[in-house]
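Chain residues, written in single-letter form:
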Amino acid sequence: MSESQLWQKVDDYFTGRLLPDAPDDALAAALRDSDAAGLPPIAVSALQGKLLQLLAQLQGARNILEIGTLGGYSTIWLGRALPADGRLVSLEYDPGHAEVAVRNIARAGLDKQVEVRVGAALESLPRLADENPPPFDVVFIDADKVNNPHYMEWALKLTSTGSLIILDNVVRGGRVADPDNTDPDVLGTRAALDLIGSHPRLSGTAIQTVGAKDYDGFALARVLA
Ligand SMILES: C[S@@+](CC[C@H](N)C(=O)[O-])C[C@H]1O[C@@H](n2cnc3c(N)ncnc32)[C@H](O)[C@@H]1O
């Protein structure tokens, strides 16, 4: 058995023990329809989705911002952490992805709380800021990695003391720590990590993970005063 197969096996075990009801109908259908529509299989795993949901619940989140919707799988996990009058804005570049996501989110019964905005996030974010929304309690960044430092800057503008910023895919099989790797996505992730490590308004960490999504990881940053 390869390392990767072992990680998958343990994730299957954890999922069976800890999330016996997940994926439930709406989550399973979201993945099935995303796959049928030809979306890439790059959504978070069920265990990761549950972690996002727990983090949002620990935050007592009423307002959540997601950058990178895909088919709305992580959106549904996060949306389920919201109170009835909570709000989640998810930004997606690809209209085809957004169309699938909107259907998946509606089937999950979250269409009142969740809004998917189509367009390049760096164009949607200034428009969102112009609306003076209440500070987002959680920001989940999971789009084009080259823009991660810009997304971190926008997250800082759109949050307040105590907000949580989650940055996905910071390990990428270890490429982040390979000084010879100058892939723009890796450079973007390094710049975002540097920002977290050096910004006076951020306190953060990064965690390596293995599992159904192979070897990767995420960074967490708390917004300080
Ligand atoms: C890794 S997927 C998101 C997965 C999703 N968060 C989940 O776990 O279910 C990244 C998504 O970001 C979108 N994306 C890429 N570049 C973008 C951009 N500049 N602005 C907004 N979305 C973008 C892609 O089209 C893709 O759907």
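What you see is a predicted model, and the numbers here were worked out from it, not measured in a lab.

Draft legend 1. Inspection of the environment of A37 at higher detail. Following the sequence through the fold, A37 ends up in the loop between α2 (25-36) and α3 (46-58). Since its relative accessible area comes to 45%, A37 is described here as partly exposed. Expressed as a C-alpha distance, the spacing of A37 and G119, which sit 82 residues apart in the sequence, is 19 Å.

Draft legend 2. Structural detail: the environment of K112. One can find K112 in the loop between α5 (95-107) and β3 (114-118). C-alpha of K112 to C-alpha of R87: the two residues are 25 residues apart in sequence and 8.3 Å apart in space.

Draft legend 3. Local environment of unusual backbone geometry. Even without glycine at this site, L70 takes up a positive phi of about 50°. For L70, the location among the structural elements is in the loop between β1 (63-67) and α4 (73-79). Phi at R172 takes a positive value of approximately 50°, unusual for a residue other than glycine. Assignment of secondary structure puts R172 in the loop between β5 (159-168) and α8 (184-198).

Draft legend 4. Layout of α8. Its 15 residues give α8 an end-to-end C-alpha distance of 21 Å, which sits within 8% of 21 Å, the value for a rise of 1.5 Å per residue. Every buried residue of α8 is accounted for by V186, G188, T189, A192, L195 and I196. Tucked into the core, α8 has its buried residues touching α7 (148-157), β5, β6 (202-209) and β7 (216-223). Two to three positions downstream of the cap, the backbone nitrogen of D185 sits 2.7 Å from a side-chain oxygen, assigning the N-cap of α8 to D183.

Draft legend 5. Structural context of empty space enclosed by the protein. Overall, the coordinates contain one cavity of 30 Å³ or more when judged by the stated rule. In this model, the largest cavity occupies a volume close to 30 Å³. Looking at the largest cavity, the residues that line it are K145, N169, V170, V171, R172, V176, D185, V186 and T189. Partitioned by chemical class, the residues of the lining of the largest cavity number four nonpolar, two polar and three charged.

Draft legend 6. Structural detail: the pattern of salt bridges. Applying the stated criterion across every chain yields a total of nine salt bridges. Ionic pairing is found between D24 and R80, a salt bridge with its closest N-O pair at 2.7 Å. Of this pair, D24 sits in the loop between α1 (3-18) and α2 while R80 sits in the loop between α4 and β2 (87-92), and the two are 56 residues apart along the sequence. When its relative accessible area of 24% is taken as the criterion, D24 is described as partly exposed. Note that E131 and R117 form a salt bridge whose closest N and O atoms lie 2.9 Å from each other. Remark: R117 occurs in strand β3 and E131 occurs in the loop between α6 (121-130) and β4 (136-141); sequence separation between them is 14 residues. Given the relative accessible area of 16%, R117 is considered buried. Via salt bridges that share partners, R87, E115, R117 and E131 belong to a single interconnected network.

The rules behind these values
- Residues numbered from 1 in each chain as written.
- Predicted model: local features only at pLDDT ≥ 70, side-chain atom pairs only at ≥ 80, totals over all residues.
- Heavy atoms only, no water.
- Helix = DSSP H or I, 4+ residues; strand = E, 2+ residues; numbered from the N terminus.
- Buried < 20%, exposed > 50% of the residue type's maximum accessible area, 1.4 Å probe, protein only.
- Expected span 1.5 Å × (residues − 1).
- Contact = heavy atoms within 4.5 Å.
- Polar contact = N/O pair within 3.5 Å; in protein donor to acceptor, adjacent residues only side chain to side chain.
- 1 Å grid on protein atoms, 1.4 Å probe; cavity = no way out; pocket = protein on both sides within 12 Å on 5 of 7 lines; lining within 4 Å.
- Points joined across faces, edges and corners; volume = space filled by probe spheres on them.
- Nonpolar A, V, L, I, M, F, W, Y, C, P; charged D, E, K, R; others polar.
- Salt bridge = Lys/Arg side-chain N within 4 Å of Asp/Glu carboxyl O.

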